[in-house]
Amino acid sequence: MELFTQLFGHLLAFVYHCFDRIVIHGYLTRLSRPEHVVHFFREITGAAVITKEILSERTNRYQSWVEAFARNRRIPIEWAEKGIRKEDFVRRWQRRMVRNNAYGVYFIFKSLEVGPTFRITVPKYPTQDPNYRIVANQRSRFTHYYFYIRDEVLGPFVMCVGSFFPFKATYYLNGHSFIEHQLSRAEIGFRKDDNAFLAVDNVVALQAAADKLSPEIIRKRLDYWTFVLGPKFSAKERKQVKLSRTYAISQVEYCFNFVFKRNFPIHKLFERSCELGLWRLTAHKIAEVFGTRLMRNHRGKLSTVIDQVEHGHHVFRAYFRNAVLRQYEKFSIFLRNELCSNNLYDFGLRKGLDHLDEVRHKFKTIISRFAGFQALWFNVHTDFPLLQRIALPIMVGSVRYPGIKIQDTRIIRLLEVLLHAGTQVGGWTAREIHQSMLKTFDLSADTYSLNQLRYDLRKLKGHGLLARDGTRYAYLLTPKGVQVALLFLFFHKRLCGPLANSRFHHRPNPQHRPDSRLEAAYHRADKAIEKVVDLLAAA
């Protein structure tokens, strides 16, 4: 992480890390096993025989309560349709809650899904107790309710409750929603799109809000909404049986987010990283990133792939058992390293919500190690099509400026004159530049007229390479113009010319070369070009 920011800090606007998606299961531990169900209905409710009708009665009671809850508060409740993304469908109701600065449930989805429940059967052979029934765990298909909630602390999140015993609940949280709500309450300006912050007034406050998410805050809010929206139990039942939920982390995503100042470096660097990552991120390197040793009895995935997702960008993935380390770009300036795990036991961590801080520390270490490897792969030359871009005509307002071609002799001569120290002091007028060009290159006014010079100056000015000195009709090169001028001149006279001659006309004998560092560099460059050509041909 430190190496990444050290190498590319001048290209970054800011960096932050946080939890992204967190999926938590809530269990009624005192009702999750068959013996617990038998004790609850026989000893607490006083039922002589445990039948399917008793369990169905609880289900019907809860479903009726949900329908009445939605009807009394005018909350839309609909069946989820196949092929429709729930988050996109309910977004307009969520925006209405934000506009009204309201909190609570704003939509309910119903869905038929497979979940844990119990099977009650009569024993095959008669027993001494005629009321004896066999209660066993099973998985079956029944109605689940998805409550879309805007919370005062966690922000928008989803709570899914199964309508059948043991009423398992699942909570879908997003760390970016929590951060957004914290920044809004602190009146700190920011710009957020989807699950990414693209701009913020106070980066320190952003990171502090991300670190504030704790097990205590999550448990307090989940307990509240579970009590409000979960299945109902009488005061007697709650008094005699502990009906509080135990929370376990099912899936967690932690991410490092690099926000760049502009698009060019992030896109090119990501392309080069993917090319090198597929070759360099071997199985042993993946194990090193995840902080383990690669054993012969390794189970699970261990591979790297590049996938193309719906929005057209590519995602670099490194799989390790039940976890995946992803890197992808979005919104042109946003690069994310993200670690997702579906089984925390792969990292020697416990699933209890109380161990969330340990998960944060472990995942930060892994992603930081991965960012360090990425920084080494990013620290390479990347393609910048300067010559191609500057050769194309551009439009500035309603004015069209022609392109500048590197083989244009007039432009090369003009840039060489403009690089003169005298033009950088106070600038030269067009007539002074014209006289200097005629004298330097022994030209006549008919060969290169003043109007032709003004045409060339107009092209350079349109491409941002030339600027006027205040209100005077004097011109000097911009910082970008100086770099382009040096590149053009060195490319022709110092680099391309000598190397091209050695490739096509005469290659100097390295055994009898002069004692010159420049000539030695030419020989090294010549060998490197030959090697690059061979590698490209082999690929």
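Residues numbered from 1 in each chain as written. Predicted model: local features only at pLDDT ≥ 70, side-chain atom pairs only at ≥ 80, totals over all residues. Heavy atoms only, no water.

This part is about the overall build of the chain. Across its full length, the chain carries 19 helices and 18 strands. Here the C-alpha radius of gyration of the chain, 34 Å, is well above what a compact globule of 539 residues would show, namely 24 Å. Taking the principal axes of the C-alpha coordinates as reference, the chain spans close to 120 × 60 × 40 Å. Expressed as a percentage of its 539 residues, the buried residues of the chain come to 43%. About 29,900 Å² of surface is accessible on the chain, with carbon and sulfur atoms providing 51% of the total. In the chain, 83 side chains carry a positive charge and 49 a negative one; their mean positions are 2 Å apart. (Helix = DSSP H or I, 4+ residues; strand = E, 2+ residues; numbered from the N terminus. Rg over C-alpha atoms; globule rule 2.2 N^0.38 Å. Buried < 20%, exposed > 50% of the residue type's maximum accessible area, 1.4 Å probe, protein only. Areas by Shrake-Rupley, 256 points an atom, 1.4 Å probe, with all protein chains shown as cover. Lys, Arg positive; Asp, Glu negative; His and termini not counted. Charge placed at Lys NZ, Arg CZ, Asp CG, Glu CD.)

The next subject is unusual backbone geometry. Note that the residue after F165, namely P166, is joined by a cis bond; omega there is 15°. For N101, which is not a glycine, the phi torsion comes out positive at approximately 55°. Examined against the element boundaries, N101 turns out to sit in the loop between α5 (91-99) and β3 (104-121). Using a relative accessible area of 52% as the deciding quantity, one classes N101 as exposed.

Our focus in this paragraph is the packing of aromatic side chains. Using the criterion set out here, one finds 30 aromatic pairs in the structure. When the ring of F89 is compared with that of W93, the centres are 5.9 Å apart and the planes differ by 35°; the resulting orientation is tilted. For W93, a relative accessible area of 10% corresponds to the buried category. Ring geometry for Y106 and Y148: centres 6.3 Å apart, planes at 55°, overall tilted. Here Y148 lies in strand β4 (residues 134-151) and Y106 lies in strand β3, a separation of 42 residues in the sequence. Through a chain of ring-to-ring contacts, three or more aromatic side chains come together here, namely F40, F41, Y62, W65, F69, Y145, F147, F165, F167 and F233. Above the face of the W93 ring, R92 is positioned so that its terminal group lies 3.8 Å from the ring centre. (Phe/Tyr/Trp six-rings, centres within 6.5 Å; stacked < 30°, edge-to-face > 60°. Lys NZ or Arg CZ within 6 Å of the ring centre and 35° of its normal.)

Along the chain, the position of E253 falls in strand β9 (residues 245-260). In this structure, E253 is in contact with C18, F19, D20, R21, R326, E338, L339 and C340, ignoring residues within four places of it in sequence. (Contact = heavy atoms within 4.5 Å.)

Okay, the pairing of strand β18 (residues 474-477) next. Here β18 shows a buried face lined by A474 and L476 and a second buried face lined by Y475 and L477. Relative to β18, strand β17 (residues 466-468) runs antiparallel, the two being bridged by three bridges. Paired with L466 across the bridge in β18 is L477. Hairpin connection of β17 to β18: five residues between the antiparallel strands, including G470 at a positive phi of 65°. (Pairing = 2+ DSSP bridges.)

Looking now at the side chain of D20. Mapped onto the elements, D20 comes out in strand β1 (residues 12-28). Using a relative accessible area of 3% as the deciding quantity, one classes D20 as buried. Among the polar contacts made by the side chain of D20, one reaches the side chain of N174 at a distance of 3.5 Å. Within the local environment of D20, its side chain forms a polar contact with the side chain of N195, the two groups lying 3.2 Å apart. (Polar contact = N/O pair within 3.5 Å; in protein donor to acceptor, adjacent residues only side chain to side chain.)

Turning our attention to helix α7 (residues 203-212). All of the buried residues in α7 are A205, L206, Q207, A209 and A210. Near the N-terminus of α7, the side chain that reaches the backbone nitrogen of V204, with its oxygen 3.1 Å away, is that of N202.

Here we come to the pattern of salt bridges. If the charged atoms of two oppositely charged side chains come close together, the side chains can form a pair. Under the counting rule described, the total for this entry stands at 19 salt bridges. Its salt-bridge partner being R336, residue E338 comes within 4.0 Å of it at the nearest N-O pair. Taking the relative accessible area as the measure of exposure, R336 reaches 0% and is therefore buried. Its salt-bridge partner being D456, residue R410 comes within 3.0 Å of it at the nearest N-O pair. Residue R410 is found in helix α14 (residues 409-418), and its partner D456 is found in helix α17 (residues 450-462); the two are separated by 46 residues along the sequence. Classification of R410 by relative accessible area gives partly exposed; the value is 28%. The exposure class of D456 is buried, given its relative accessible area of 1%. (Salt bridge = Lys/Arg side-chain N within 4 Å of Asp/Glu carboxyl O.)

This brings us to the confidence of the model for the chain. On average, residues of the chain score 85 in pLDDT, and 91% of them are at 70 or above. Averaged pLDDT values over the elements of the chain bottom out at 61 in helix α15 (residues 421-425) and peak at 95 in strand β6 (residues 169-174). (pLDDT = per-residue confidence, 0-100.)

This brings us to the nonpolar core. With 102 residues, the main nonpolar core has F147, F165 and F290 as its most contacted residues. The residues touching F290, leaving out its near neighbours within four places in the chain, are A318, F320, A323, L325, L339, F347, I366 and R369. (Core = buried A, V, L, I, M, F, W, Y, C linked by side-chain atoms within 4.5 Å.)

Moving on to the sheet that holds β17. If you trace the three strands from one edge of the open sheet to the other, you get β16-β18-β17, paired in antiparallel fashion. Each edge of the open sheet carries a strand with a single partner, namely β16 (428-429) and β17. Here β16 pairs with β18 via two bridges, running antiparallel. Among the inter-strand pairings, W428 is bridged to a residue of β18, identified as Y475.

Further remarks concern α14. Residues of α14 that are buried include every one of I411, I412, L414, L415, V417 and L418, and no others. N-cap assignment for α14: the residue whose side-chain oxygen lies 3.1 Å from the backbone N of R410 is D408.

What follows deals with a positive patch on the surface. Taken together, R92, R95, R96 and R99 make up a surface patch of like positive charges. Topologically, R99 is positioned in helix α5. (Patch = residues over 30% accessible without salt bridge, like charges linked within 9 Å, V, L, I, M, F, W, Y side chains within 5 Å.)

Here we come to the packing of α14 against helix α16 (residues 430-440). Put simply, α14 and α16 touch, their axes get as near as 10 Å, and they point 110° apart. By the angle between their axes, α14 is roughly perpendicular relative to α16. Packed against α14, whose contacting residues are R410, R413, L414, V417 and L418, the element α16 presents I433, S436 and M437 at the interface. Residues of the contact of α14 with α16, tallied by class, amount to five nonpolar, one polar and two charged. (Axes fitted to C-alpha atoms, helices over the stretch in contact; angles between N-to-C directions. Parallel < 35°, antiparallel > 145°, perpendicular 65-115°, else oblique. Nonpolar A, V, L, I, M, F, W, Y, C, P; charged D, E, K, R; others polar.)

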